[in-house]
Structures are given as C-alpha cells and as structure tokens.
Amino acid sequence: MEALELRGVEAWGTPEQLRANIVSALARGIPEAGIGPVVHDGTFVIVGSGPALPEFVQQIRAEQAQGKPVCAVKGAYNFLTDHGITPSVYFNLEARYRPLTRPSKATLYLLASRCDPQQFDDLAGHRVWMFHTWDGKEPIAELKGRPLLTGGSTSGLRAIVMGYAWGFRKFSMYGFDSCIRADNVKRFSGESVEEHKTLEVICGGRAFKTNGAMALQAQDWRDMLSLVHDCEFRVHGDGLLAAIHREWLKLRAAA
C-alpha cells in the first residue's frame, strides 16, 4: 500500500465549534483519564463498527467471559448492548452527537472534551472520564498544560493508544474493516457510501473498496504498526486493516 496524501477527510465541525465543545466539557468538572481503570490480563478487546462486526458476536462474548475488558468505539456500543454484551469501556473522540441506548453503570465512558455537550448530558450520573485531543492549527488556551491523546485519525486508533497508555500490549480488534462491501455498505448498521465517494486501495495484491476516511485510517494504521513493536495485534476478519497487518507481519519476519 503506497502512502496517500489525505488531508481534511470527512472532518466534522469548525475549529470554533470544537473549541466551544471543549470549553463546555471543561466546565463540568469531570475526572480526566488517568491510570488504567480495569483489571486485565494484558489484552484489550476493541470493537469498531465495520460491516463484518455481526460475524463475531460470539467471539466477543467469549473474550469478555474470559475476563478481558471490551472497549466499544462509538456506534459499536449500541450494537453490543443490543446483543446482550455490556462493554467495560466506551470510547469516543468525535464531535458529532451519537446517541447511546441503554447506558450502563458498569461501563466507563471515555469522552473527548471535543464531544458534543449533549453526549455528556446523556451520561449524567454515569461513570465518565474525559480526555483531550486537538489538531487545529492554533492551540486552544484552555488545553494548555493538559495531556493530549494523539495517534491516528479515528476513535478506533486512538482507543489503541489509550489502551497502550494503560499498559495493554495485546489488542484483539473486531469491526476494524476500513473497507466497504461490494454493495457499498460501510458499517454493520447498513449505512452505505455513494459510489462516487469510493476509491480503491491495493494491499498484498488485493483491491479493497474504501473511502477517504477509511483510507486515511488504513494509512495511519500502517504507520502505527511501525512504532509499536512491543505489541501483539489480532485483527479479526478479512478487511483492509487485517490485510495491512498480515503484510506487516511478513516484512517483520523477513527482516
């Protein structure tokens, strides 16, 4: 997979809107993300919203039964709760409002300060931690001196970085397809992409149909793999991120 120069892909919210969200979040007095809050054996199960997710419900349930914490990224939370799986952690850095069904006292909700204020309102009375991320050209004064979570263009990739900071070195990843089905469906929910917004990415001699945001995530994933040699990843499914991981393992074995 050749490097792509992708910038400003499907970004949501103006810098002014994001700053307003951050100021609102900081005024709430919510605890900020700190040391790892869950007991674990070193494995973090992270669940995204790719179209292949429904194939792995039983595997995710089995991993949770083994005592491994399950982290639901954005829309995957509603999918898991619909199937009787209560995530240990919910993770979201997106500024767009995403309603949650059946919030649970058993879940730790990790929200970026840039998230929509309604997201925080919905979770009043639940266990919420806040973290910060900022990629604007100008720094925001309210975040001066506060740690910023970096590492990739999507909530899913940042969840890996958060897990790494908590001490996880094994990651079991579901719903991280980063590609589109032949019928242009991009999420388990059936949400689709218009044909003119799709593009093709080649990895390992295979062509994957994707869009700009997913291609950028794939590029960031490839770059992340080159930085975390002390980690073990299992990318379930046969999507683009799994293909990139397989190619990376081949290169590492040949080195």
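Residues numbered from 1 in each chain as written. Predicted model: local features only at pLDDT ≥ 70, side-chain atom pairs only at ≥ 80, totals over all residues. Heavy atoms only, no water.

Details of the pairing of strand 5 (residues 128–131)
Logical step 1: Along strand 5, one buried face is formed by Val128 and Met130 and the opposite face, lined by Trp129 and Phe131, is buried too.
Logical step 2: Note on the crossover from strand 4 (residues 108–112) through helix 4 (residues 117–122) to strand 5: the handedness is right-handed. (Buried < 20%, exposed > 50% of the residue type's maximum accessible area, 1.4 Å probe, protein only. Helix = DSSP H or I, 4+ residues; strand = E, 2+ residues; numbered from the N terminus. Right-handed = clockwise from strand over helix to strand, strands pointing away.)

Some details on the sheet that holds strand 1 (residues 43–47)
Logical step 1: Spatially, the seven strands line up as an open sheet ordered 5-4-3-2-1-6-9, and their pairing is parallel. Of all strands in the sheet, those bounded by a partner on one side alone are strand 5 and strand 9 (232–235). Strand-to-strand twist of the sheet, defined as the mean angle between neighbouring strand axes without regard to direction, takes the value 20°.
Logical step 2: Each of strand 1, strand 2 (70–73), strand 3 (89–92), strand 4, strand 5, strand 6 (170–174) and strand 9 is contacted by helix 5 (residues 155–165), which is oriented at about 125° to strand 3, the strand it contacts most. (Pairing = 2+ DSSP bridges. Axes fitted to C-alpha atoms, helices over the stretch in contact; angles between N-to-C directions. Contact = heavy atoms within 4.5 Å.)

Examining the confidence of the model for the chain
Logical step 1: In this model, the chain carries an average pLDDT of 89, and 92% of its residues clear a pLDDT of 70 or more.
Logical step 2: Highest mean pLDDT in the chain belongs to strand 2 (98); lowest belongs to helix 1 (residues 15–26) (85).
Logical step 3: Across residues 5–10, where pLDDT falls below 50, the model places ten contacts with residues more than four positions away in sequence or in other chains. (pLDDT = per-residue confidence, 0-100.)

Some remarks on the environment of Asp220
Logical step 1: Relative to the elements of secondary structure, Asp220 occurs in helix 6 (residues 212–225).
Logical step 2: According to the relative accessible area criterion, Asp220 is buried, its value standing at 18%.
Logical step 3: Remark: the alpha-carbon pair of Asp220 and Leu157, spanning 63 residues in sequence, is separated by 8.2 Å.
Logical step 4: When neighbours within four sequence positions are excluded, Asp220 is seen to be in contact with Gly152, Ser153 and Leu157.
Logical step 5: In terms of polar contacts, Asp220 uses its side chain to reach the side chain of Ser153, at 2.8 Å. (Polar contact = N/O pair within 3.5 Å; in protein donor to acceptor, adjacent residues only side chain to side chain.)

Topic: the pattern of salt bridges
Logical step 1: Counted according to the given criterion, the structure contains 17 salt bridges.
Logical step 2: When the shortest N-O distance is used, the salt bridge between Asp238 and Arg246 registers 3.1 Å.
Logical step 3: By relative accessible area, Arg246 is classed as partly exposed at 35%.
Logical step 4: Residues joined by salt bridges that share partners form a network here, namely Lys74, Glu94, Arg96 and Arg98. (Salt bridge = Lys/Arg side-chain N within 4 Å of Asp/Glu carboxyl O.)

Brief notes about helix 7 (residues 240–254)
Logical step 1: Counted at 1.5 Å a residue, the expected span for helix 7 with its 15 residues is 21 Å, and the 21 Å between its end C-alpha atoms agrees.
Logical step 2: In the core, the buried residues of helix 7 are packed alongside strand 7 (198–203), strand 8 (206–211), helix 6 and strand 9. (Expected span 1.5 Å × (residues − 1).)

Some details on the pairing of strand 6
Logical step 1: Across the five residues that make up strand 6, a large majority, four, are buried.
Logical step 2: Where strand 1 lies against strand 6, five bridges are found, and the strand directions are parallel. Residue pairing across strands places Thr43 opposite Lys170, the latter belonging to strand 6.
Logical step 3: By the bridge criterion, four bridges tie strand 6 to strand 9 in an arrangement that is parallel.

A short note on the packing of helix 6 against helix 7
Logical step 1: Two numbers describe how helix 6 lies on helix 7: the axes approach to 10 Å, and their chain directions differ by 30°. Here helix 6 lies roughly parallel to helix 7, going by the angle between them. The handedness of the crossing between helix 6 and helix 7 is right-handed. In contact with Gln217, Ala218, Trp221, Arg222 and Leu225 of helix 6, helix 7 contributes Leu240, Leu241, Ile244, His245 and Trp248.
Logical step 2: Here the residues of the contact of helix 6 with helix 7 sort into seven nonpolar, two polar and one charged. (Parallel < 35°, antiparallel > 145°, perpendicular 65-115°, else oblique. Left-handed = near helix turned anticlockwise from the far one by under 90°. Nonpolar A, V, L, I, M, F, W, Y, C, P; charged D, E, K, R; others polar.)

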